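Tertiary structure, described
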Amino acid sequence: MPVSVTQRSENSHILELKAKAYSTSHSGVAKKAPEQQVEDLRRAVHARNEGEREFLDAVDEVLNTLRPLLVKYPQYIEPFERLVEPERQIAFRVSWIDDNGNQVVNRGYRVQANSALGPYKGGLRFHKDLNMSVVKSLAFEQVFKNSLTNLLIGAAKGGSDFDPTGRSDGEVMRFCQSFMTELYRYLGPDTDIPSGDINVGSREIGYLFGQYKRLTNHFNGAFTGKDLNWGGSNIRPEATGYGLVYFSEYYCNHRRISLKGHKSIVSGSGNVAIYTVEKLLDLGSIPLTLSDSNGYIYEPAGFTRKDLEFIKELRISQNGYLQQYTAYSKTAKYFPNEKPFTVKADFAFPCAIQGEITLNEASTLAKNGIKGVFEGANLPSSNEAISFFKKNQILFAPGKAANAGGVAVSGLEMIQNSQRQQWSKEVVDEKLRLIMKDIFDTSLKAANDFGYTDDIQAGANIAGFLKVADSMIQQGNV
Ligand SMILES: NC(=O)C1=CN([C@@H]2O[C@H](COP(=O)(O)OP(=O)(O)OC[C@H]3O[C@@H](n4cnc5c(N)ncnc54)[C@H](O)[C@@H]3O)[C@@H](O)[C@H]2O)C=CC1
Ligand SMILES: O=C(O)CCC(=O)C(=O)O
């Protein structure tokens, strides 16, 4: 069970004392003013990671909100400098044979960002556009997210530029086996525990785990997102979407507004999007859209449960593109090559991929009267879009807080595996709810303690960072 907010975040009085102790112990060291140190650090990170746009955007997003804290408490500048350099970055060749007997070569990645709070933990993504910069940005984001869950898990992310679109089941299996033939040596239940992300679901986790088991001769909890038959957790597939809606509900309640009876834009049509729509329906909200990389569908009166079941089946049929929904629904409209953010609605739940919402989409959403944006995807909003939302008093929940339900239930899967137990749906769902409430309360409290009234983005960054940074210091400045 997560501990309460007061148990885990230090108050500013203790931070003042630590700042004093730090300045006494460093009094003989000639140092620049903290403002300058932070700016030098930002420039050094940009120079060292030149060209890695996604990673640098993720670092800037955090640094923009941590800057006043680092200036006031300069003992945290060095931990931040260490934190932006991943502990380990692995890139490797994955060669495999396709159904026509041809050799195919892909690149595999695992970035083990930080282990201050526990073994590395984070998903694997198979996507044609994946590169080291994207993996580093996602692994960096995972540091703060996993810290917020309070479940003692470190952070990692990985995957490959393998594009599973149109690949047969046999090809996906052979790719997974080849991928794991290199990666297995870096994994283990106390070392690094991957899970799924885009295009990696329970089928891929099965193939990856099977190969891990053959190579290590261990049946252990080195993966989460497993099938229920062999150690998976109830509610893991639903967890990110359900957790997102729980989080947005807490946020809306805090502002005395309601999701019930209000319209929502949802992007994506994968795991996160589908269970976001399902939970929105449970709460009496009206989800209007879903999308994929080819376009979006708009259901003017909102999707029903029956519609959602059809969409789930479309997804299981592997090559079921969303456009096929229009053959099922007489009322739906399909918009090829467009994103759903021009639709008029009260709330937006971006649940597809990074970079979906630029300043352009943000200002269209605002013109259409959007009240809140809650991120199910990782890093879907650009830094300009985030600033725009905040300036225009639009509620904004960053993915590292709002979509943490997935990794949180992965953490619960690890606990169940250690205990050789499987908890019921009801037990896991209740724990998920409490964790999302705790993340909301913790982020809100940190925001208000550090002068960012009700700013959940700043609060999530501050609370997530302090716990990791203090642990890094306590473990000998690692
Ligand atoms: N699965 C999980 O537990 C978690 C996932 N996330 C994030 O949620 C997002 C969605 O992940 P999942 O639903 O798990 O993956 P998924 O593979 O089930 O679905 C991905 C969705 O994104 C769409 N998509 C892919 N490339 C796109 C592009 N270039 N433009 C527009 N749409 C595109 C796909 O059509 C699909 O609808 C990702 O950003 C992922 O990192 C975040 C936390 C946990
Ligand atoms: O369940 C996990 O280990 C990680 C999920 C994930 O990749 C994420 O939170 O972005």
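Small disclaimer: the values here were computed from a predicted structure and weren't measured.

Considering the domain arrangement of the protein chain
Structurally, the protein chain comprises domain 1 (1-84), domain 2 (88-226) and domain 3 (237-404). Residue-level contacts link 10 residues of domain 2 with 10 residues of domain 3. Looking at the side of domain 2 that touches domain 3 residue by residue, the classes come out as four nonpolar, four polar and two charged.

Structural notes on the site of ligand 1
Taken together, 21 residues lie near ligand 1, and Gly270, Asp292, Ala352, Ala377 and Gly406 sit nearest. Looking at which element gives the most residues to the shell around ligand 1, the answer is helix H10 (residues 271-282), with three residues. Considering only residue class, the shell around ligand 1 consists of seven nonpolar, 12 polar and two charged. In terms of domain composition, the shell around ligand 1 takes at least three residues from each of domain 2 (88-226) and domain 3 (237-404).

Section: the environment of tyrosine 275
Mapped onto the fold, tyrosine 275 is located in helix H10. In sequence terms tyrosine 275 and glycine 241 are 34 residues apart; their C-alpha atoms lie 4.6 Å from each other. When sequence neighbours within four positions are dropped, the list of residues in contact with tyrosine 275 reads Pro237, Glu238, Thr240, Gly241 and Tyr242.

Considering the pairing of strand E1 (residues 88-97)
In this sheet, strand E2 (residues 103-114) lies alongside E1 in antiparallel orientation, the contact comprising 10 bridges. Its bridge partner lying in E2, alanine 91 is registered against tyrosine 109.

Concerning the site of ligand 2
Close to ligand 2 lie Lys121, Gly122, Gly123, Lys145, Ser195, Asp197, Thr224, Asn378, Gly406, Val407 and Ser410. Of the residues assigned to the shell around ligand 2, the class counts are one nonpolar, seven polar and three charged.

What about the packing of helix H6 (residues 132-149) against helix H16 (residues 405-419)?
With their axes 9 Å apart at the nearest point, H6 and H16 run at an angle of 60 degrees to one another. As judged from the angle between their axes, H6 and H16 are oblique. As for how H6 packs across H16, the hand of that crossing is right-handed. Residue-level inspection shows Lys145, Asn146 and Thr149 of H6 in contact with H16, the latter providing Val407, Ala408 and Gly411. Here the contact of H6 with H16 is composed, by residue class, of two nonpolar, three polar and one charged.

With respect to the UniProt feature "site: Important for catalysis" (unreviewed entry) in the protein chain
The residues that UniProt annotates with the feature "site: Important for catalysis" (unreviewed entry) are Asp197. When you line up the elements, aspartate 197 lands in the loop between strand E5 (192-196) and helix H8 (202-216). Under the C-beta neighbour-count criterion, aspartate 197 is labelled buried, with 25 such atoms within 10 Å. Excluding residues within four positions of it along the chain, aspartate 197 makes contact with Gly123, Leu124, Arg125 and Gly159.

A few points about the packing of H6 against helix H18 (residues 456-474)
Contact geometry of H6 with H18 gives a least axis separation of 8 Å together with a crossing angle of 85 degrees. By the angle class used here, H6 and H18 are roughly perpendicular. Side by side, H6 and H18 meet where Val143, Phe144, Lys145, Ser147 and Leu148 of the first sit next to Ala460, Asn461, Ala463, Gly464, Phe465, Lys467 and Val468 of the second. Across the contact of H6 with H18, the residue classes tally to seven nonpolar, three polar and two charged.

About the thresholds
Residues numbered from 1 in each chain as written. Chains lettered and ligands numbered in written order. Predicted model: local features only at pLDDT ≥ 70, side-chain atom pairs only at ≥ 80, totals over all residues. Domains from an automatic or database assignment. Contact = placed C-beta atoms within 7 Å. Nonpolar A, V, L, I, M, F, W, Y, C, P; charged D, E, K, R; others polar. Near = placed C-beta within 6 Å. Helix = DSSP H or I, 4+ residues; strand = E, 2+ residues; numbered from the N terminus. Pairing = 2+ DSSP bridges. Axes fitted to C-alpha atoms, helices over the stretch in contact; angles between N-to-C directions. Parallel < 35°, antiparallel > 145°, perpendicular 65-115°, else oblique. Left-handed = near helix turned anticlockwise from the far one by under 90°. UniProt positions renumbered as here; feature names shortened; annotations may be inferred. Buried ≥ 20, exposed ≤ 12 C-beta atoms within 10 Å, placed from the backbone.

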